[in-house]
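Structural features, examined
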Amino acid sequence: MVIGGNFVFIHVPRTGGMSITEALGGRLEGVPLHLPRSHIKTEAPTFGFVRNPWQRMVRLYRFLTMKGRTDGEPFDEWLTKGESWLDEDVKFKRPLEPLQRRPCLWWLEGCTHIGMFERLDEDLKRIANSIGFDAGDLPKHNATVGGDWRREYVEGSIAFVREHFAADIEAFGYTFGEGRPE
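Only a predicted model underlies this, so the values are computations on that prediction, with no experimental measurement involved. (Residues numbered from 1 in each chain as written. Predicted model: local features only at pLDDT ≥ 70, side-chain atom pairs only at ≥ 80, totals over all residues. Heavy atoms only, no water.)

As for its placement among the helices and strands, Phe9 is situated in strand β2 (residues 8–10). The buried category is assigned to Phe9, whose relative accessible area is 1%. Put simply, Phe9 and Ile20 are 11 residues apart on the chain and 8.5 Å apart in space, counted from C-alpha to C-alpha. Ignoring any residue separated from it by four or fewer positions in sequence, one finds Phe9 in contact with Met1, Val2, Gly17, Ile20, Thr21, Leu24, Phe47, Gly48 and Phe49. (Helix = DSSP H or I, 4+ residues; strand = E, 2+ residues; numbered from the N terminus. Buried < 20%, exposed > 50% of the residue type's maximum accessible area, 1.4 Å probe, protein only. Contact = heavy atoms within 4.5 Å.)

Shown next, in the form of structure tokens:
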């Protein structure tokens, strides 16, 4: 999360948040990186980004694997049976769904502006113009590699994402086949 003079950026994991954070000048010491809009008391405009949930889950898995946080389990097993949590999750007083079942809208519900990762530069400029700040150029941080994310899926895991991320899929019109292969 980034708190600016006239805005708050809500950082949803694997939606380009570290790049946006740097472009906005970095985060404040002691401010949690991933905090949902519902936990922030402000009248300032708030914004964040969504990403195709099928692509986002593969990128999250690959990122956590790079960090040694997936116990070597295959993607399908990690997605449908695993439970990954953020360090900040322990601060919540209510039970949370693991990241494999937590849509972007869980973080962004109530935001003034929501952009799409698939149009990151364009949407960030639109939001910046609307709120009145300079977003600058976006550096690229924490990129994951590994080829086409679609190859990780089998029918059961496609349906799993469709069920658990229905809010994101419905609100933003995502389908399994779209998205950059990266």
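That was the structure; now back to the text.
With respect to the helices and strands, Asp123 occurs in helix α5 (residues 120–131). Look past the residues within four positions of Asp123 in its chain and what remains in contact with it is Phe49, Gly115 and Met116.

A surface patch of like charges, here negative, comprises Asp121, Glu122, Asp134 and Asp137. By the element assignment, Glu122 lies in helix α5. (Patch = residues over 30% accessible without salt bridge, like charges linked within 9 Å, V, L, I, M, F, W, Y side chains within 5 Å. Areas by Shrake-Rupley, 256 points an atom, 1.4 Å probe, with all protein chains shown as cover. Salt bridge = Lys/Arg side-chain N within 4 Å of Asp/Glu carboxyl O. Lys, Arg positive; Asp, Glu negative; His and termini not counted. Charge placed at Lys NZ, Arg CZ, Asp CG, Glu CD.)

What follows covers the pairing of strand β3 (residues 46–50). Regular strands have side chains that alternate between both faces of the sheet. Here β3 lies mainly inside the structure; five of its five residues are buried. The alternating pattern of β3 places Thr46, Gly48 and Val50 and Phe47 and Phe49 on opposite faces, both of which are buried. Bridge count for β3 against strand β4 (residues 113–116) is four bridges, and the pairing is parallel. Directly across from Gly48, in β4, lies its bridge partner Ile114. (Pairing = 2+ DSSP bridges.)

Another aspect to go through is the packing of helix α2 (residues 53–66) against helix α6 (residues 155–164). The contact between α2 and α6 brings their axes to 10 Å, and the two run at 110°. The orientation of α2 relative to α6 falls into the category roughly perpendicular. The way α2 lies across α6 gives a crossing that is right-handed. Where α2 approaches α6, its residues Pro53, Trp54 and Met57 are matched on the opposing element by Ser157, Ile158, Val161 and Arg162. Residues belonging to the contact of α2 with α6 are distributed by class as follows: five nonpolar, one polar and one charged. (Axes fitted to C-alpha atoms, helices over the stretch in contact; angles between N-to-C directions. Parallel < 35°, antiparallel > 145°, perpendicular 65-115°, else oblique. Left-handed = near helix turned anticlockwise from the far one by under 90°. Nonpolar A, V, L, I, M, F, W, Y, C, P; charged D, E, K, R; others polar.)

What follows covers the sheet that holds strand β1 (residues 2–3). The strand order across the open sheet formed by four strands is β1-β2-β3-β4, and the pairing between neighbours is mixed. With partners counted over all chains shown, the strands left at the sheet margins are β1 and β4, one partner each.

Trp54, Met57, Leu108 and Tyr153 are the most contacted members of the largest nonpolar core, which has 38 residues in total. Mapped by element, the contributors of at least two residues to this core are β2, α2, α3 (75–81), α4 (104–108) and α6. The greatest single-element share of this core, amounting to seven residues, is contributed by α2. (Core = buried A, V, L, I, M, F, W, Y, C linked by side-chain atoms within 4.5 Å.)

Moving on, we come to unusual backbone geometry. Only a minority of non-glycine residues have a phi that is not negative, and only a minority of peptide bonds are not trans. Located in the positive-phi region is Arg14, a residue other than glycine, with phi close to 70°. In this fold, Arg14 is placed in the loop between β2 and α1 (17–23). Assessed through its relative accessible area of 13%, Arg14 is described here as buried. Its identity as a non-glycine residue notwithstanding, Asp71 has a phi of 55°, on the positive side. Since its relative accessible area comes to 75%, Asp71 is described here as exposed.

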